[in-house]
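So the chains spell out like this:
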Amino acid sequence: MPCKSFFPRVSSLLLALILLTGIGVSQDLPQTNQNKFRQLGQELPTPNVYRNAAGAPGHDYWQNRADYDMDIRLDDENQRIYGTETITYHNESPDALEYLWLQLDQNVRALDSDTYKTKTGSISDSENKLSFRELKALHHQFDGGFKIEYVRGTDDQALKHVINRTMLRIDLDQPLASGASYSFKVKWWHNVNDRFKDGGGRSGMEYFKEDDNYLYTIAQFFPRMCVYNEVDGWQNKQFLGRGEFTLPFGDYKVRLTVPTDHVVASTGVLQNPDQVLSTTQLARWEEAQTADSPVLIVTEEEARKAEKTKNMEPKTWEFHAENVRDFAFASSRKFMWDAMAVQSGDNKVMAMSYYPKEGNPLWERYSTQAVAITLKVYSRHTFDYPYPVAISVHTNRIGMEYPMICFNGGRPDADGTYTERTKYGMISVIIHEVGHNYFPMIVNTDERQWTWMDEGLNTFLQYLTEQEWERDYPSRRGPAYKIVEYMKGDKSNISPIMTNSESIHQFGNNAYAKPATSLNILRETILGREAFDHAFRIYSQRWMFKQPSPADMFRTLEDASGTDLDWFWRGWYYTTDHVDLSIDEVNWFQIDTKNPDIEKPFAKTQESNQPAFIGDTRNQTEVEETLTEALPNLNDFYNKYDPYGVSILDRDEYNQYLDSLDQDEKALLSGNHHYYEIKFSNIGGLVMPLILEFTFSDGSKELQRIPAEIWRYHTDKISKVFVMDKEVINITMDPYLETADTDVWNNHWPRQVQPSRFQVFKNNQASPNPMKRARKVQEMEQTGSKGGKKKRSKTKKP
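About the cut-offs
Residues numbered from 1 in each chain as written. Predicted model: local features only at pLDDT ≥ 70, side-chain atom pairs only at ≥ 80, totals over all residues. Heavy atoms only, no water. Helix = DSSP H or I, 4+ residues; strand = E, 2+ residues; numbered from the N terminus. Buried < 20%, exposed > 50% of the residue type's maximum accessible area, 1.4 Å probe, protein only. Contact = heavy atoms within 4.5 Å. Areas by Shrake-Rupley, 256 points an atom, 1.4 Å probe, with all protein chains shown as cover. Arc of directions from axis to C-beta. Patch = residues over 30% accessible without salt bridge, like charges linked within 9 Å, V, L, I, M, F, W, Y side chains within 5 Å. Salt bridge = Lys/Arg side-chain N within 4 Å of Asp/Glu carboxyl O. Axes fitted to C-alpha atoms, helices over the stretch in contact; angles between N-to-C directions. Parallel < 35°, antiparallel > 145°, perpendicular 65-115°, else oblique. Nonpolar A, V, L, I, M, F, W, Y, C, P; charged D, E, K, R; others polar. 1 Å grid on protein atoms, 1.4 Å probe; cavity = no way out; pocket = protein on both sides within 12 Å on 5 of 7 lines; lining within 4 Å. Points joined across faces, edges and corners; volume = space filled by probe spheres on them. Left-handed = near helix turned anticlockwise from the far one by under 90°. Pairing = 2+ DSSP bridges. pLDDT = per-residue confidence, 0-100. Phe/Tyr/Trp six-rings, centres within 6.5 Å; stacked < 30°, edge-to-face > 60°. Lys NZ or Arg CZ within 6 Å of the ring centre and 35° of its normal.

1. Structural notes on the overall build of the protein
Then, in step 1: Counting secondary structure elements, the protein contains 21 helices and 31 strands.
Then, in step 2: Burial status across the protein gives 51% buried among its 798 residues.
Then, in step 3: Contacts spanning at least 24 positions in sequence make up 76% of the contacts within the protein whose residues lie at least 6 apart.
Then, in step 4: Carbon together with sulfur atoms contributes 49% to the accessible area of the protein, which is approximately 39300 Å² in total.

Have a look at this one:
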């Protein structure tokens, strides 16, 4: 019989002991509780009247607000932003506030920015080389910081204020009482950075040399109120460039003055379309209000004409936005604009895209459809999208989000061809950035502290949306097996998820991929889809337009699912442990029935199946004759006795044993069950469920799911006995790649050897690039080429 470690009979008493207790390896108990299943007590803040133990806002929950009234001018000749704003701050806290703090995030580009001062680097590598981009970064000369012209009260009297790098404090003459509001005015300007010359960035401009035009994607462009809450007081983390933003909600009235031939995309609803759009464009806009596919409001022909004529006379676009935490806009004479209506519950949403001709053919075909499917899938998993618009704006390479608007990369080559990577990268970034409307623009998490609370949750929902865009969509993140390489990597270069945004190693893996994967594992493996989806919707809806903390999410998902997940949060979020569970040993037992007519033949077969000692084998031929063979009279009873023969005494003893058993015990004794003692070890440190697929000798299979709590007494080594009706020939742990196990070789019994390949190449021969090959195939299909060195014909754009 194949695939056995050993196959003894065991007494029913011993078997009962194994089944009741399991066989574990004793461990010395530490002096403090280090059990991986201990409660998250010290790690989480104490529940209170503001945030309760169930993870919901408490009965005294509050949050402050800030309303803005702004006049902004875009100087297209000098690439500057000029602005004045009136901010009205509403103190809903129970505290009297002695001063107010504002964020000056544009100061990250000031010449004396801490971002430049704290940036590390070296030249003395093995080749002593730097790229021009790296060299330019060392010689940073662009001054993009705020130039604050005044800070005044509504009576136009100067207010005492202090600028502390990326923050500004206004000292009040008297504390702002609880329930009171305070209005003040700020005037400023700043240079707009070129994202390709001045070190990248979330906001800035792109210059198109071919037609001498600019495309502006503008954000963090105005002094903004900091958050004040009962968790941290005033937000006081300086902006260094990575940890994004935390902002209060408010209403915005913004007037944007730009060249008259510019098209503007913005947070909020356009208030004066009849003043900024032509009669024809207004008619198209009305058509789009009920369209179920994108309608061009501004065509490529109109955009090309504007590129050439350049009307620099000013025109003002006015936008209003209610209950948003930020404001951003984009402006260019190069923009095409399309729109369609999407229903989200009872809300009609205008899904829209703005893009230059350089974005086609991809953008006109895919962008607004990607916006639409994002609204549909995200809303199903969270809440109906509450805002009136959702906008995707084309840029080159970046992806960045703001309320109702986002800036997204994905640009074809100049001839209109594109790679598969470009296509799916564009669709994915649009889904991701539009999805940020939900997290953190509505579920208003503190990005300056916890990047994962918006990026991780959003990446998880991005994956779900991608899979509804197309079957077998090439998602980069989400499935458990895609995080394996990161999880098993060098621990000195890995951070726990619960790490401040500015201190994270491997930002993409730690802030995006790992939390997204953890949620996917919760959904698919720990809780199941129904329980997880219910709990996730509860969390999303509880914290709409509020400011949750990590503890609020942890507690809500436990509360709404009815499952203690402290072990999961601890392992996945507070440590850098990885999953590596191993099947170490499998022992196959059957019950000793004590029936001599069964057990003695079995014992005889077992002995005959034992391998022969080499000396015995050689003696069969090399010892020509033994003494008892030469003198048979030396043989007695013991030479003739068969130890495996069944005697009358054997049967009498068996019958007496049967008479001592009740009917249930007799049934167990004669059940012919198979008992498999399996020993497991936890090598990676991260406890997870045991998911085991048993394959039987008749070809059938059975899947068993053992909760992670099996590790609660011994977290490094355990054993468990499985009762089967059929003989097992194969066991596979994690057969569906659910747990991010980093070593699948030790997940099999018996061990399996997987075939693989290695490449043979000549010296200095370059390895083939699969992306270039796919691109070549696309070009050949478009041109009808059979190969060779033919020039590719350019795709004509409409």
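2. What about helix H5 (residues 279–288)?
Then, in step 1: Residues of H5 that are buried include every one of Gln281, Arg284, Trp285 and Ala288, and no others. Down the axis, H5 shows its buried residues gathered within 105° of arc, on one side only. Along H5, exposed side chains directed more than 90 degrees from the buried face belong to Thr279 and Glu286.
Then, in step 2: Considering only its buried residues, H5 is in contact with strand E17 (295–298), helix H6 (300–309), strand E20 (336–344) and strand E21 (347–355).

3. Considerations on a nonpolar patch on the surface
Then, in step 1: Among the surface-exposed residues, Tyr481, Leu737 and Val744 lie close enough to one another that they form a single nonpolar patch of about 280 Å² accessible area.
Then, in step 2: The residue Val744 is located in the loop between strand E30 (728–733) and strand E31 (748–749) in this model.
Then, in step 3: Relative accessible area serves as the criterion here: at 42%, Val744 is assigned to the partly exposed category.

4. A closer look at the packing of helix H9 (residues 452–469) against helix H13 (residues 550–561)
Then, in step 1: For the pair H9 and H13, interaxial distance at closest approach is 11 Å and the crossing angle is 40°. Here H9 is positioned oblique relative to H13, judged by the angle of their axes. Contacts from Trp452, Met453 and Leu457 of H9 reach H13 at Pro550, Met553 and Phe554.
Then, in step 2: Among the residues forming the contact of H9 with H13, the class breakdown is six nonpolar, no polar and no charged.

5. Points about the layout of surface pockets
Then, in step 1: The space that makes up the second largest pocket amounts to roughly 460 Å³.
Then, in step 2: Along the wall of the second largest pocket there are 29 residues; nearest its centre are Val231, Asp232, Trp450, Ser549 and Pro550.
Then, in step 3: If you tally residues by element for the lining of the second largest pocket, the top one is H13, at four residues.

6. Concerning the pattern of salt bridges
Then, in step 1: Across all of its chains, the model carries 41 salt bridges by this definition.
Then, in step 2: For Lys187, the salt bridge is made with Glu149, and the minimal N-O distance between the two is 3.6 Å. Of this pair, Lys187 sits in strand E8 (residues 181–191) while Glu149 sits in strand E5 (residues 147–153), placing them 38 residues apart in sequence.
Then, in step 3: Where Lys310 meets Asp212, a salt bridge forms, and the shortest distance between an N and an O atom there is 2.9 Å. Of this pair, Lys310 sits in the loop between H6 and strand E18 (314–324) while Asp212 sits in the loop between strand E9 (204–208) and strand E10 (213–218), and the two are 98 residues apart along the sequence.
Then, in step 4: With a relative accessible area of 41%, Asp212 lands in the partly exposed category.
Then, in step 5: Counted as one network, the salt bridges with shared partners bring together Asp211, Glu307, Lys334, Lys357 and Glu358.

7. A short note on unusual backbone geometry
Then, in step 1: Cis geometry marks the peptide bond from Asn360 to Pro361, where omega comes out at 10°.
Then, in step 2: With an omega of -5°, the peptide bond between Trp749 and Pro750 qualifies as cis.
Then, in step 3: Following the sequence through the fold, Pro750 ends up in the loop between E31 and helix H21 (770–783).
Then, in step 4: If you check the backbone angles, Asp212 has positive phi at about 55° while not being a glycine.
Then, in step 5: Phi is positive for Arg397, which is not a glycine, with a value near 90°.
Then, in step 6: Mapped onto the elements of the fold, Arg397 is located in the loop between strand E22 (389–394) and strand E23 (399–402).
Then, in step 7: Arg397 sits in the exposed class, given a relative accessible area of 61%.

8. Topic: the packing of helix H11 (residues 507–526) against helix H14 (residues 566–574)
Then, in step 1: Put simply, H11 and H14 touch, their axes get as near as 11 Å, and they point 155° apart. It follows that H11 is roughly antiparallel to H14 by the angle criterion. As H11 packs across H14, the resulting crossing turns out to be right-handed. The residues of H14 that touch H11, namely those facing Lys514, Pro515, Ser518, Leu519, Ile521, Leu522 and Ile526, are Trp567, Phe568, Trp569, Trp572 and Tyr573.
Then, in step 2: Of the residues assigned to the contact of H11 with H14, the class counts are 10 nonpolar, one polar and one charged.

9. Some points on the sheet that holds E10
As a general point, the strands of a sheet are linked pairwise by backbone hydrogen bonds and lie either parallel or antiparallel.
Then, in step 1: Judged by pairing direction, the sheet is antiparallel, and its four strands sit side by side in the order E9-E10-E19-E15 without closing on themselves. Two strands in the sheet have a free side with no partner beyond their single neighbour: E9 and strand E15 (263–266). Put simply, the sheet's adjacent strands are angled 10° from each other on average, direction ignored.

10. What to know about the pairing of strand E19 (residues 329–332)
Then, in step 1: Side-chain alternation along E19 places Phe329 and Ser331 on one buried face and Ala330 and Ser332 on a second face that is also buried.
Then, in step 2: With three bridges connecting them, E10 and E19 associate as antiparallel partners. By the bridge assignment for E19, Ile218 is matched with Phe329.
Then, in step 3: Direction of pairing for E15 relative to E19: antiparallel, over a ladder of four bridges. When the sheet's bridge partners are listed, Ala265 is paired in E19 with Ala330.

11. Observations regarding the confidence of the model for the protein
Then, in step 1: Looking at the protein as a whole, its pLDDT mean stands at 90, while 89% of the residues score no less than 70.
Then, in step 2: Here residues 1–7 scores under 50 on pLDDT; set against residues more than four positions off or in separate chains, the count is 21 contacts.
Then, in step 3: pLDDT under 50 marks residues 787–798. Its contacts with residues more than four places away, or in other chains, come to 23 contacts.

12. Focus on the sheet that holds E5
Then, in step 1: If you walk across this open sheet you meet the seven strands as E5-E8-E3-E2-E14-E18-E16, and the pairing is mixed. The open sheet terminates on both sides in strands that have one partner only, identified here as E5 and strand E16 (269–270).
Then, in step 2: Bridge count for E5 against E8 is six bridges, and the pairing is antiparallel. Along E8, the bridge assignment pairs Ile148 with Trp188.

13. Here we look at the packing of aromatic side chains
The geometry of an aromatic ring pair comes down to the distance between the two centres and the angle between the two planes.
Then, in step 1: According to the stated counting rule, one finds 46 aromatic pairs in the structure shown.
Then, in step 2: Between Tyr424 and Tyr473, the aromatic rings sit 5.0 Å apart at their centres with planes inclined by 85°, giving edge-to-face as the arrangement. Residue Tyr424 is located in helix H8 (residues 420–435), and its partner Tyr473 is located in the loop between H9 and helix H10 (484–487); the two are separated by 49 residues in the primary sequence.
Then, in step 3: In this structure Tyr424 comes out as buried when scored by relative accessible area, which is 11%.
Then, in step 4: Between Phe637 and Tyr638 the ring centres are 5.2 Å apart and the planes differ by 80°, which places this aromatic pair in the edge-to-face class.
Then, in step 5: Members of the aromatic cluster, joined through ring pairs, are Phe37, Trp452, Phe554, Trp567, Phe568, Trp569, Trp572, Tyr573 and Tyr574.
Then, in step 6: When the ring centre of Phe722 is taken as origin, the NZ or CZ atom of Lys720, which lies over that ring, is 5.6 Å away.
Then, in step 7: Between the NZ or CZ atom of Arg751 and the centre of the ring of Trp745, over which it lies, the distance is 4.7 Å.

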